[in-house]
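Spelled out from the first residue to the last, the chains are:
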Protein chains: 2
Amino acid sequence: MPVQIRKLDSSTPGFREQLSAVLAFEAGEDEAIDRAAATILADVKARGDAAVLEYTNRFDKLEAQAVAALEIGREELQAALAGLAPQRREALQIAADRVRDYHQRQKQETGGDGFTYTEADGTVLGQKVTPLDRVGIYVPGGKAAYPSSVLMNAIPAKVAGVQEVIMVVPTPAGVKNELVLAAAALAGVDRVFTIGGAQAVGALAYGTATIPQVDKIVGPGNAYVAAAKRRVFGIVGIDMIAGPSEILVLCDGTTDPDWVAMDLFSQAEHDELAQSILVCPDAAYIDKVEASINRQLDGMPRRDVIRTSLTNRGAMVKVRDMDEACEIANLIAAEHLEISAEQPQQWADKIRHAGAMFLGRFSSESLGDYCAGPNHVLPTSRTARFSSPLGVYDFQKRSSIIHVSEAGARTLGKVAAELAYGEGLQAHAGSAEYRLK
Amino acid sequence: MPVQIRKLDSSTPGFREQLSAVLAFEAGEDEAIDRAAATILADVKARGDAAVLEYTNRFDKLEAQAVAALEIGREELQAALAGLAPQRREALQIAADRVRDYHQRQKQETGGDGFTYTEADGTVLGQKVTPLDRVGIYVPGGKAAYPSSVLMNAIPAKVAGVQEVIMVVPTPAGVKNELVLAAAALAGVDRVFTIGGAQAVGALAYGTATIPQVDKIVGPGNAYVAAAKRRVFGIVGIDMIAGPSEILVLCDGTTDPDWVAMDLFSQAEHDELAQSILVCPDAAYIDKVEASINRQLDGMPRRDVIRTSLTNRGAMVKVRDMDEACEIANLIAAEHLEISAEQPQQWADKIRHAGAMFLGRFSSESLGDYCAGPNHVLPTSRTARFSSPLGVYDFQKRSSIIHVSEAGARTLGKVAAELAYGEGLQAHAGSAEYRLK
């Protein structure tokens, strides 16, 4: 049976509403899950290691005697790396090197060392940039256990200069993912604990006798992990709570339809809530992609997931021209945006909102997912309107530098005092006025 | 009666625990407030303007007939600016200019235009930086209505290139703060609505017929505003939820004790939960500051607030030497850190965690609050361990650029396919392999 993908046409009345309906996604907030996470967090905060051990043994069906026994040593990580088939080890190494290169460049180009400047009266102003001391990386243990995610989360932290990167990864029934451990070795992760769930988030946020408190927790997890991260936000930093993954392909009709169909699959295969959308001004081309989808689907091992995802959340949108395609792309603010077109740069210049842009027909999203270099942790659910890929900047913070000279204090003191009186803050004024003398 | 400020000595047993107790602050999360905010948000989402109008008329005791009547026009803002006493207008203008200069420098120095680089095989990688389209600024209407905050929130947004900055400020009983409106005019705020509370947050987050939806909401508010901001996070971006303000003064004993006493007052006068801490290796100097506090207190109009704040949350810490003072400063990760010392840079180099550093005896915090240039919206409650002053970067976001050449796709495609097979994602592999041919 052919896949029933929704087809929209921008020239029909009600198009914008139809598009909004396709994009609508509400993360179901489950009160029961939130309460369970809160209980576990409170328990870990109060009882530390003992609570972490109990929850881990219970939920992951382990029989560890102490949290220390849940730590995976450096040697085991290195052994996992050494044990990989040479071709896979080499691929992982190339990916790690390229991700590191890109993020080093990002650090350089985005003022990673801060700045200062001196004004005429000798006053120095600026910004000091420092890495976070210690970061926790959550790695899921189940179906979404991706070694590439270990690289993408840990490497920017190390490039930023984070002293200690602590990874947590649950190992239900004691099963370890060797590729994940190998990736941890390559990425320079400092310590690994086989714990997960809200108890792992709590351990990292509050610290226990065995697990050190971190300053920020990043990485995807299930609903309990997401709820726990929301709750510890403020005690530690967190990254975005990720929604389902999305790809938007803008195509001018010049790319092989099979390629575009496979690109849509590559997102749809992630999970049933993933979203794949094609936008194209060429109706005949859209039909070709649709035919290719139906021709290729049965060959895909994950065809059931792909079918569900394309049926429920996919769409093919016929537009007037590529300019309108770009307008719609800005409205959608997709996590992954492929501009599969001749001379893609002209369209890229019109894009204001996207997590990552893949330009030209050779830039399939999957190259970016693994090894192009830029981060694959990207803003989902239209949050690219206001947020950014995970980057070195997420593992650094800035401190303002204000070194006022004696002469500077005479000028600035008058201004500050005047405004402080205006706000009714006389001690602020007094403090400035002392420096006028 | 002299102020009873807690005195600690780093050489006594139990010092770290005592210090932790001084720093401990739990923002009381009030379930009733959270529920009320949720109800208002849901109502604004469902009924738009009608709900905003009803809540505003009820809570702020107004009798507006339409949300449009709650908008303050550009002319009224300009009139407020023109109506200020010349000295005050000039002070506000100087502050705005200096804040703008600093943030322009920040934009330049932190890769505000993005970057790209080309690899040997022609693959282009990089990062595009774009401003947010539209930003909402919340300005409180009550005792904490600070024109300086309007400058500090709006100017970085405009420097970033935000097209439309929409300010909301409640006007209980119709009372407008002329200095706030004047600051809005100077800062280039595009539209102002006299609404506040959770209803204002809802209007900005969801949009109504009259009030456009924004991409991010920044600015401080009361507990209802904070609860509403937490709840709309994800639909729009938000800034940090600010805790009570703090100052930490590291002093080597060479600054006039009256100056330091007044600097401690300048934080303590904000509110009763504000925190002022002095750390110094010189016990005799600490005594002098204490004497000065008691001598100067009665002259302060806000002496009751200062007394309560210093008594309940203040501290004077005797340390071994300035090195230990820096260690403690890193532990505290203060919002405002004054290093009031000869040759302050040597100590500043040891500081890893602080919102803003004020170096040397002429750099009183109040100069930074108003007009030095750097932002006065800073991380509180030890969050300087992982977060930064409000800046241009908060009003920009980044998109990765990946433009793989045909030759590049041949190299990267093999790596990506190998790793995709390792993760069981065959469509990802297929998508990469199409580009190998």
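Since the structure is predicted, the reported quantities are computational estimates derived from the model, not experimental observations.

Analysis parameters
- Residues numbered from 1 in each chain as written.
- Chains lettered and ligands numbered in written order.
- Predicted model: local features only at pLDDT ≥ 70, side-chain atom pairs only at ≥ 80, totals over all residues.
- Heavy atoms only, no water.
- Domains from an automatic or database assignment.
- Contact = heavy atoms within 4.5 Å.
- Buried area = accessible area lost by both parts, 1.4 Å probe.
- Salt bridge = Lys/Arg side-chain N within 4 Å of Asp/Glu carboxyl O.
- Helix = DSSP H or I, 4+ residues; strand = E, 2+ residues; numbered from the N terminus.
- Nonpolar A, V, L, I, M, F, W, Y, C, P; charged D, E, K, R; others polar.
- Pairing = 2+ DSSP bridges.
- UniProt positions renumbered as here; feature names shortened; annotations may be inferred.
- Buried < 20%, exposed > 50% of the residue type's maximum accessible area, 1.4 Å probe, protein only.
- Axes fitted to C-alpha atoms, helices over the stretch in contact; angles between N-to-C directions.
- Parallel < 35°, antiparallel > 145°, perpendicular 65-115°, else oblique.
- Left-handed = near helix turned anticlockwise from the far one by under 90°.
- Polar contact = N/O pair within 3.5 Å; in protein donor to acceptor, adjacent residues only side chain to side chain.
- Expected span 1.5 Å × (residues − 1).
- Bend = angle between axes of the 7 residues up to and from the residue.
- Phe/Tyr/Trp six-rings, centres within 6.5 Å; stacked < 30°, edge-to-face > 60°.
- Lys NZ or Arg CZ within 6 Å of the ring centre and 35° of its normal.

### Describing the domain arrangement of chain A
Partitioning chain A into domains gives domain 1 (31-111 + 131-238), domain 2 (243-385) and domain 3 (404-434). Computed over C-alpha atoms, the centres of domain 1 of chain A and domain 3 of chain A are 48 Å apart.

### Some thoughts on the interface of chain B and chain A
Many structure descriptions define interface size as the accessible area lost when the parts assemble. Chain B puts 120 residues into the contact, and the matching count from chain A is 119 residues. For the chain B and chain A pair, buried surface summed over both sides reaches about 10,600 Å², with 58% attributable to carbon and sulfur atoms. Between Glu418 of chain A and Arg88 of chain B there is a salt bridge whose closest N-O contact spans 2.9 Å. In terms of residue count, helix H5 (residues 86-109) of chain B provides more of the side of chain B that touches chain A than any other element does, 12 residues in total. Split by residue class, the side of chain B that touches chain A holds 56 nonpolar, 35 polar and 29 charged. In the sheet, strand E14 (residues 356-359) of chain A pairs with strand E15 (residues 396-403) of chain B via three bridges, with the strands oriented parallel. Its bridge partner being in E15 of chain B, Phe358 of chain A is matched across the sheet by Ile402 of chain B.

### Things to note about the UniProt feature "binding site: substrate" (unreviewed entry) in chain A
As annotated by UniProt and renumbered to match this structure, "binding site: substrate" (unreviewed entry) occupies Ser245, Gln267, His270, His336, Asp369, Glu423 and His428 of chain A. In terms of the greatest pairwise C-alpha distance, the residues named above, spread along 184 residues, do not form a single cluster, extending to 55.9 Å across. Within the element layout of this structure, Gln267 of chain A appears in helix H10 (residues 257-268). For Gln267 of chain A, a relative accessible area of 0% gives the class buried. The contacts of Gln267 of chain A, once residues within four sequence positions are left out, are Ser245, Glu246, Ile247, Ala274, Gln275, Ser276, His336 and Glu365 of chain A. Turning to its location among the elements, His270 of chain A is positioned in the loop between H10 and strand E11 (275-280). In contact with His270 of chain A, not counting residues within four places along its chain, are Tyr146, Ser245, Arg302 and Val305 of chain A together with Leu425 and His428 of chain B.

### A closer look at the sheet that holds E14 of chain A
In spatial order, the strands read E1(A)-E12(A)-E11(A)-E10(A)-E13(A)-E14(A)-E15(B)-E4(B)-E3(B); together these nine strands make up an open sheet with mixed pairing. Edge strands, defined here as strands with exactly one partner in the open sheet, are strand E1 (6-9) of chain A together with strand E3 (115-118) of chain B. Taking each pair of neighbouring strands and ignoring which way they run, the sheet shows an average axis angle of 20°. With four bridges joining them, E3 of chain B and strand E4 (residues 124-131) of chain B adopt antiparallel strand pairing. When the bridges of E4 of chain B are listed, Tyr117 of chain B appears paired with Leu125 of chain B. Each of strand E10 (246-251), E11 and strand E13 (336-340) of chain A touches helix H13 (residues 322-332) of chain A; the most contacted strand, E10 of chain A, lies at about 165° to it.

### A word on the packing of helix H4 (residues 74-82) of chain B against helix H7 (residues 178-187) of chain B
Helix packing geometry: the angle between the two helix axes and the distance between the axes. All names here are of chain B. Put simply, H4 and H7 touch, their axes get as near as 7 Å, and they point 110° apart. In terms of axis orientation, H4 runs roughly perpendicular to H7. Like other packed secondary-structure pairs, H4 and H7 cross with a definite hand, here left-handed. Here Arg74, Glu76, Leu77, Gln78, Ala80 and Leu81 of H4 come into contact with H7, specifically with Glu178, Leu181, Ala182, Ala184, Ala185 and Leu186. Among the residues forming the contact of H4 with H7, the class breakdown is eight nonpolar, one polar and three charged.

### Structural notes on the environment of Tyr138 of chain A
Residue and element names in this part refer to chain A. Note that Tyr138 resides in strand E5 (residues 134-138). Measuring from C-alpha to C-alpha, the distance between Tyr138 and Phe386 comes to 24 Å, with 248 residues separating the pair along the chain. Residues in contact with Tyr138, not counting those within four places in the same chain, are Val168, Pro170, Gly196, Gly197, Ala200, Val218, Gly219, Pro220, Gly221 and Val225. There is a polar contact of 2.7 Å between the side chain of Tyr138 and the backbone nitrogen of Gly197.

### Structural notes on the pattern of salt bridges
Applying the stated criterion across every chain, the model contains 44 salt bridges over all chains. Arg231 of chain B is the salt-bridge partner of Asp34 of chain B, the closest N and O atoms lying 3.0 Å from each other. Remark: Arg231 of chain B occurs in helix H9 (residues 223-232) and Asp34 of chain B occurs in helix H2 (residues 31-47); sequence separation between them is 197 residues. Linking Arg100 of chain B and Asp97 of chain B is a salt bridge whose minimum nitrogen-to-oxygen distance equals 3.4 Å. With Arg100 of chain B and Asp97 of chain B both in helix H5, this residue pair falls three residues apart, about one helical turn. Classification of Asp97 of chain B as partly exposed rests on a relative accessible area of 31%. One salt-bridge network, held together by shared partners, links Lys7, Asp287 and Glu290 of chain A.

### Observations concerning H7 of chain B
All names here are of chain B. Where burial is concerned, most of H7 is hidden: nine out of the 10 residues are buried. Here H7 has its buried residues at Leu179, Val180, Leu181, Ala182, Ala183, Ala184, Ala185, Leu186 and Ala187. Capping the start of H7, Asn177 holds a side-chain oxygen 3.0 Å from the backbone nitrogen of Leu179, two or three residues further along. After H7 finishes, the residue Gly188 shows a positive phi value of roughly 85°.

### What to know about helix H16 (residues 406-422) of chain B
With 17 residues, H16 of chain B should cover 24 Å at 1.5 Å per step; its first-to-last C-alpha distance of 24 Å lies within 8% of that length. Helix geometry: H16 of chain B is bent most strongly at Leu412 of chain B, by close to 30°. Taken as a whole, H16 of chain B has its buried residues at Gly408, Ala409, Leu412, Gly413, Val415, Ala416, Ala417, Glu418, Leu419 and Ala420 of chain B. In the core, the buried residues of H16 of chain B are packed alongside helix H5 (86-109) and helix H15 (365-370) of chain A together with helix H17 (426-434) of chain B.

### A look at the environment of Leu53 of chain B
All names here are of chain B. Following the sequence through the fold, Leu53 ends up in helix H3 (residues 49-60). Given the relative accessible area of 15%, Leu53 is considered buried. Expressed as a C-alpha distance, the spacing of Leu53 and Ala69, which sit 16 residues apart in the sequence, is 9.7 Å. Setting aside residues no more than four positions away along its own chain, Leu53 makes contact with Ala64, Gln65, Ala66, Val67 and Leu70.

### Re the packing of aromatic side chains
Per the stated rule, a full pass over the model turns up 12 aromatic pairs over all chains. Aromatic side chains Tyr55 of chain B and Phe59 of chain B sit 5.8 Å apart centroid to centroid with 15° between the ring planes, which places their arrangement in the stacked category. Separated by four residues within a single helix, Tyr55 of chain B and Phe59 of chain B lie in helix H3, roughly one turn from each other. For Tyr55 of chain B, a relative accessible area of 9% puts it in the buried group. Looking at Phe59 of chain B, the relative accessible area reads 42%, which means it is partly exposed. With a centroid separation of 5.8 Å and an interplanar angle of 65°, the aromatic rings of Trp259 of chain B and Phe362 of chain B are classed as edge-to-face. Pair noted here: Trp259 of chain B is in helix H10 (residues 257-268) and Phe362 of chain B is in the loop between strand E14 (356-359) and helix H15 (365-370), with a separation of 103 residues, a long-range link. Across this residue pair, the class does not change: Trp259 of chain B and Phe362 of chain B are buried. Above the ring of Tyr393 of chain B, the side-chain terminus of Arg398 of chain A is found at 4.5 Å from the ring centroid.

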